[in-house]
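Breakdown of the fold
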Amino acid sequence: MNIRTLTFKGGTHPPHSKKATEKLLVEKANSPRVIVIPMQQHIGAPCEPIVKVGDEVKLGQKIGEAKGFVSSPVHSSVSGKVVAIEARLYSGGGKVTCIVIESDMEDTLYEGIVPKGRLEQLSADHIKTIIKEAGIVGMGGAAFPTHVKLSPPPGKKVDTIVLNGAECEPYLTSDHRLMLEHPEKVVFGLQALMKSMGVSKGYIGIENNKPDAIEALFNAAKAAPEIEVVGLRTKYPQGAEKQLIYACTKRQVPSGGLPADVGVVVNNVGTAAVIADAIRTGMPLVERIVTITGKGVKTPKNLLVKIGTSFRDVIEQCGGLTDSIGKIISGGPMMGIAQFSLDVPVVKGTSGILILSEAEARLPEPSNCIRCGKCVDVCPINLMPINLSAYALQDKFEQAESHHALDCIECGSCSFVCPAKRPLVDSIRVAKREIMAKRRKSQLAQNK
Ligand code: SF4
Ligand code: SF4
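These numbers come from a predicted model, not from an experiment.

**A closer look at the pattern of salt bridges**
- As enumerated under the stated definition, the model contains 22 salt bridges in all.
- Ionic pairing is found between Arg118 and Glu120, a salt bridge with its closest N-O pair at 2.8 Å. A single burial state applies to Arg118 and to Glu120, both of which are exposed.
- In the salt-bridge network here, residues are joined through shared partners; they are Glu410, Asp426, Arg429 and Lys432.

**Things to note about the sheet that holds strand β15 (residues 301-306)**
- Sheet architecture is open: six strands sit in the order β2-β15-β14-β18-β16-β17, paired in mixed fashion. Unpaired on one side and paired on the other, β2 (27-28) and β17 (337-339) mark the two borders of the sheet.
- When strand β16 (residues 327-330) meets strand β18 (residues 352-356), the two strands line up antiparallel, connected through four bridges. Directly across from Lys327, in β18, lies its bridge partner Leu356.
- Across the sheet, helix α3 (residues 174-181) lies against β14 (287-293) and β15, angled at about 125° from β14, the strand it touches most.

**A closer look at the packing of aromatic side chains**
- Summed over all chains, the structure comprises zero aromatic pairs.
- The ring of Tyr203 is capped by Lys201, whose NZ or CZ atom sits 5.0 Å from the centre of that ring.
- The residue whose ring lies beneath Arg280 is Phe188, and the NZ or CZ to ring-centre distance is 4.4 Å.

**Some thoughts on the domain arrangement of the protein**
- What the domain assignment lists for the protein is domain 1 (5-19 + 125-280) and domain 2 (374-447).
- Each of domain 1 and domain 2 was reduced to a C-alpha centroid, and the two centroids are 27 Å apart.
- Each partner contributes residues to the interface: domain 1 has 15 residues there, and domain 2 has eleven residues.
- Note on domain 1 versus domain 2: buried area summed over both sides is about 870 Å², and carbon and sulfur give 55% of it.
- On inspection of domain 1 and its partner domain 2, the count reaches five residue pairs in polar contact (both at pLDDT 80 or more).
- In terms of residue class, the side of domain 1 that touches domain 2 is made up of six nonpolar, seven polar and two charged.

**A few points about the environment of Cys408**
- One can find Cys408 in the loop between α12 (397-402) and α13 (413-417).
- Sequence separation between Cys408 and Ile428 is 20 residues; the distance between their C-alpha atoms is 7.8 Å.
- Not counting residues within four places of it along the chain, the set of residues in contact with Cys408 comprises Leu383, Ile428 and Lys432.

Rules and cut-offs
Residues numbered from 1 in each chain as written. Chains lettered and ligands numbered in written order. Predicted model: local features only at pLDDT ≥ 70, side-chain atom pairs only at ≥ 80, totals over all residues. Heavy atoms only, no water. Salt bridge = Lys/Arg side-chain N within 4 Å of Asp/Glu carboxyl O. Buried < 20%, exposed > 50% of the residue type's maximum accessible area, 1.4 Å probe, protein only. Pairing = 2+ DSSP bridges. Helix = DSSP H or I, 4+ residues; strand = E, 2+ residues; numbered from the N terminus. Contact = heavy atoms within 4.5 Å. Axes fitted to C-alpha atoms, helices over the stretch in contact; angles between N-to-C directions. Phe/Tyr/Trp six-rings, centres within 6.5 Å; stacked < 30°, edge-to-face > 60°. Lys NZ or Arg CZ within 6 Å of the ring centre and 35° of its normal. Domains from an automatic or database assignment. Buried area = accessible area lost by both parts, 1.4 Å probe. Polar contact = N/O pair within 3.5 Å; in protein donor to acceptor, adjacent residues only side chain to side chain. Nonpolar A, V, L, I, M, F, W, Y, C, P; charged D, E, K, R; others polar.

So, in structure tokens, the structure goes:
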């Protein structure tokens, strides 16, 4: 096995904390009695419900129609009856319109769920339509609609697809298990992505703390010379788009630019696997692998969970919570979103549910900056987090903008290494929000 090991500049080394689940087979989670399916599970415009209260629905049936190009439809993950359509809490923050379905526990399949044909016989446009209609979005957490990524702006020529199998977030092992247990799906999905864009080169980038996954993908891709499996140095945030592209192709996405600017589209390995399902079986995105871990849960697991299952139901299947709960996070500790309720549903982007104990979650008090420069050294985007944070804390958002605050990928590396425990990424996030709000306002004024 001849595998190159590549990386990027900057980055940091948080403890992996993956031992609790990395060797555990994915188990199928119990089907819940009630599921709650948000109409907003993706970046872009929310869906509109196309069923009403009292309707019977089947497993895989479309229940929310995408509104706008940057949007993605949603499907029922059970068969049963729609009992409510109302605003409910969502793990992304706030409330969104949700379709609540009482399951009949039969999982009767929707008639339209049929295999889409052999990959060789599908045209590029047909593959894109299958991906769009199956409601497929980025499974790494960002949940950007995949069909939009596959339609770069005119004039941008994409010649490479990179699959992200880095899974650099501590604690999470859902991608690792997927690559070990279904490597052929990942390879098939990558081939479908490549065909949909007329691309002849594909990479699968995997951090080298997962040698078994590297080997599994290497073997699965043996008969596909157009695909290269690349070992990546274990370093956070190795799975961030720009860092991954640089590691695999040595191409640098410009400030403010997109991967398509350097001829690349990046997708998660989980996205490739659900594309394989959508083509081979016709099943849209109605379930995903979730890692449930941390000292706050009794029995950590990797579970295949139906979209719409509540965090509470999922945690109960892991033996419930321990007595010491400090924080519940949707996703990993570096980029995940803290939750204040367990009554939120698993959505397409829920890669993990991390339950930290009180001791793990306790944040030290910030002290004065000692100007050590560590935050600057680790920033993978070559930003000056110390300065950006200072501008943000003084409401000097224009200066933050001119110092490229919007390029910050919110990886949290700067906050992680800061010996003074300054709230760097939190303050930069505020600056980004303010800059975007100002841009939107001036855009609106121009359009009047
Ligand atoms: S400034 Fe942004 S991109 Fe740079 S290390 Fe901090 S969070 Fe990451
Ligand atoms: S790492 Fe923290 S203490 Fe060091 S320069 Fe950056 S903000 Fe200051």
